[in-house]
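# An overview of the molecular structure
Below, each chain spelled out in residue letters.
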Amino acid sequence: MPYQTLLYDTHGALATITLNRPERLNTIVPPMPDELESAVREATADAAVKVIVLRGAGRAFCAGFDFAEGFHHWDRAITTDGAWDPGKDFVAATSQSLGAVPKFMSLWRSPKPVIAQVHGWCVGGGSDLALCADLVIASEDARIGTPYSRMWGCYLSGMWLYRLGLTRAKELALTGASLSGSEAAEIQLINAAVPFERLAEEVGERAAALAGLPSSQLAAMKLIVNQAYENMGLASTQLLGPVLDGLMRNTPDAHRFIELAEREGVGAAVARRDGPFGDYSQASPARKPDPANVISGDPRDPA
């Protein structure tokens, strides 16, 4: 089927889903969550596919939800007569058929292993999306974090919590600090970090190794691990996170933040938020992804 916000390709036993809004750093807008779920469903139903790879075109994996226009992409789901409607927001955020997080979790629910190939920016909702995959392989210079920890949001998928121990989870939840791909691998938030030049090859090798195993064996092992985390309360966390996210987008501080973004641009708002920490857009070049590291929309193109 044709997609507006992503590309879908199969080659042998591999299905590749490529987020395809490179001009906007693959930020999330409707209908991206729906299309992601559809693409995962398509790969799951294809008997020839054994492994799914999720990646982003251009110079980023995904820079989170797009709020360049004051989050108005999502007005239909969260506002009434131009004002925030907490009832609608709650329903849209938590509904299995409407919510973005349940659609991200199609990666988790698929019986086929999913590898997230992360480069460039992987922040905010983009990090929640990546961490719903089974394996996460990043370029060493990727930047992973949740700047919404400081303003205008809350953990959505809960995956930051379940992938980390209490000590690191508390620190990162409270500070919103960004991590390089190498740092994320060191604390075991992700599986591995490699030089960008080796990223596609590393993901391809891991995908090929998994594809050499029986599909039923992969499904069984994925299910037993997933179920252990479901038993720890993952679903309850994913109900609370989006509800708190809606509340944190509508505090007086949050309103001032988005008003500044609408008046002076997103850059001014994030500069005020992140300037004291010297990270994300306010970081030195050494603490940002290399802008020359660009991925083609064609999964068979190594560039």
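Scroll up to find the structure.
Keep in mind that what you see is a predicted model, and the values were worked out from it rather than measured.

Inspection of helix H3 (residues 86–94) places Asp 89, Ala 92, Ala 93 and Thr 94 among the buried residues, and these make up the whole buried set. If you follow the buried residues of H3, they end up packed against helix H2 (75–78), strand S6 (83–84), helix H4 (100–104) and helix H12 (234–248). Capping of H3 at its N-terminal end is provided by Asp 85; its side-chain oxygen lies 3.0 Å from the backbone amide nitrogen of Gly 87.

Counted under the stated rule, the structure contains 6 aromatic pairs. On the numbers, 6.3 Å between centres and 45 degrees between planes, the contact of Trp 152 with Phe 257 is tilted. Of this pair, Trp 152 sits in the loop between strand S10 (143–145) and helix H7 (159–163) while Phe 257 sits in helix H13 (residues 252–264), and the two are 105 residues apart along the sequence. A cation over a ring is seen here: Arg 150 above Phe 277, with NZ or CZ 3.7 Å from the ring centre.

Attention shifts here to the layout of surface pockets. Roughly 1,200 Å³ of volume is contained in the largest pocket. Gly 64, Phe 65, Asp 66, Phe 67 and Phe 71 are the residues nearest the centre of the largest pocket, which is lined by 49 residues in total. Counting residues per element, the ones that place at least two in the lining of the largest pocket are helix H1 (32–45), H2, H3, H4, strand S8 (121–123), H12 and helix H14 (266–274). Residues belonging to the lining of the largest pocket are distributed by class as follows: 29 nonpolar, 9 polar and 11 charged. Volume-wise, the second largest pocket comes out at about 460 Å³. Taken together, 20 residues line the second largest pocket, and the ones lying closest to its centre are Ala 133, Asp 134, Arg 163, Val 225 and Asn 226. Those elements that provide at least two residues to the lining of the second largest pocket are H7 and helix H11 (215–231). Of the residues belonging to the lining of the second largest pocket, the class tally is 14 nonpolar, 3 polar and 3 charged.

Rules used throughout
Residues numbered from 1 in each chain as written. Predicted model: local features only at pLDDT ≥ 70, side-chain atom pairs only at ≥ 80, totals over all residues. Heavy atoms only, no water. Buried < 20%, exposed > 50% of the residue type's maximum accessible area, 1.4 Å probe, protein only. Helix = DSSP H or I, 4+ residues; strand = E, 2+ residues; numbered from the N terminus. Contact = heavy atoms within 4.5 Å. Polar contact = N/O pair within 3.5 Å; in protein donor to acceptor, adjacent residues only side chain to side chain. Phe/Tyr/Trp six-rings, centres within 6.5 Å; stacked < 30°, edge-to-face > 60°. Lys NZ or Arg CZ within 6 Å of the ring centre and 35° of its normal. 1 Å grid on protein atoms, 1.4 Å probe; cavity = no way out; pocket = protein on both sides within 12 Å on 5 of 7 lines; lining within 4 Å. Points joined across faces, edges and corners; volume = space filled by probe spheres on them. Nonpolar A, V, L, I, M, F, W, Y, C, P; charged D, E, K, R; others polar.

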